[in-house]
Amino acid sequence: VVSTQSTGSSGINAEYAADLILFWIPMYDLIKCLFLVWCMWPIANNGSAIVYNSILRPWLLKNESRIDARLEKVAGKVNKYVDDAKREASTFAESGTGQMLNASAQVAAQTASQQIDEALNEEKDKDQ
């Protein structure tokens with residue numbers, strides 16, 4: 001049984017858990033492979049369209065408000081973290097260390113630009 005580990009909150013990949021139980025069924029791998037081929041078959045009503053329209057879409061429509069509420073909650077937390085990071089970055093940039101780092105970066109960029117210009121001029125001199 002080959003699987004990738006999930007980073008979800010449950011900590012267990014659903015496919016991996018199902019494979020642990022279902023691999024005991026005779027020809028499970030063949031049936032699973034045929035199901036996946038049917039889902040990807042390039043026809044109008046392939047398996048993915050049927051599964052989506054008969055199972056996934058009705059569930060999503062039924063739970064749309066709960067999903068939207070959860071996404072709003074997560075978006076609020078992400079926006080809070082982004083705002084905190086911006087505030088920390090601004091504080092660092094205004095500090096002496098941040099200003100010194102900025103000056104060092106400008107000097108390094110200037111030096112790199114000069115070295116590139118010199119290298120390009122040397123190439124032009126060789127071509128002439």
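Scroll up for the structure.
Residues numbered from 1 in each chain as written. Predicted model: local features only at pLDDT ≥ 70, side-chain atom pairs only at ≥ 80, totals over all residues. Heavy atoms only, no water.

Novice: Please give an account of the side chain of Asn-63 that cites residues and values.
Specialist: Its place among the elements puts Asn-63 in the loop between α3 (47-62) and α4 (64-94). A distance of 3.0 Å separates a polar atom in the side chain of Asn-63 from the backbone oxygen of Trp-59. (Helix = DSSP H or I, 4+ residues; strand = E, 2+ residues; numbered from the N terminus. Polar contact = N/O pair within 3.5 Å; in protein donor to acceptor, adjacent residues only side chain to side chain.)

Novice: Which residues make up the environment of Cys-39, and what are the values?
Specialist: Note on placement: Cys-39 falls in helix α2 (residues 28-40). The exposure class assigned to Cys-39 is buried, which follows from its relative accessible area of 15%. Considering only alpha carbons, one finds Cys-39 and Ala-49, 10 residues apart in sequence, at a separation of 7.7 Å. For Cys-39, the residues in contact, after removing those within four places along its chain, are Asn-46, Gly-47 and Ser-48. (Buried < 20%, exposed > 50% of the residue type's maximum accessible area, 1.4 Å probe, protein only. Contact = heavy atoms within 4.5 Å.)

Novice: How would you explain unusual backbone geometry if you had to name every residue and give the values?
Specialist: Of note, the phi angle at Met-27 is positive, near 60°, even though the residue is not glycine. Relative to the assigned elements, Met-27 resides in the loop between α1 (14-22) and α2.

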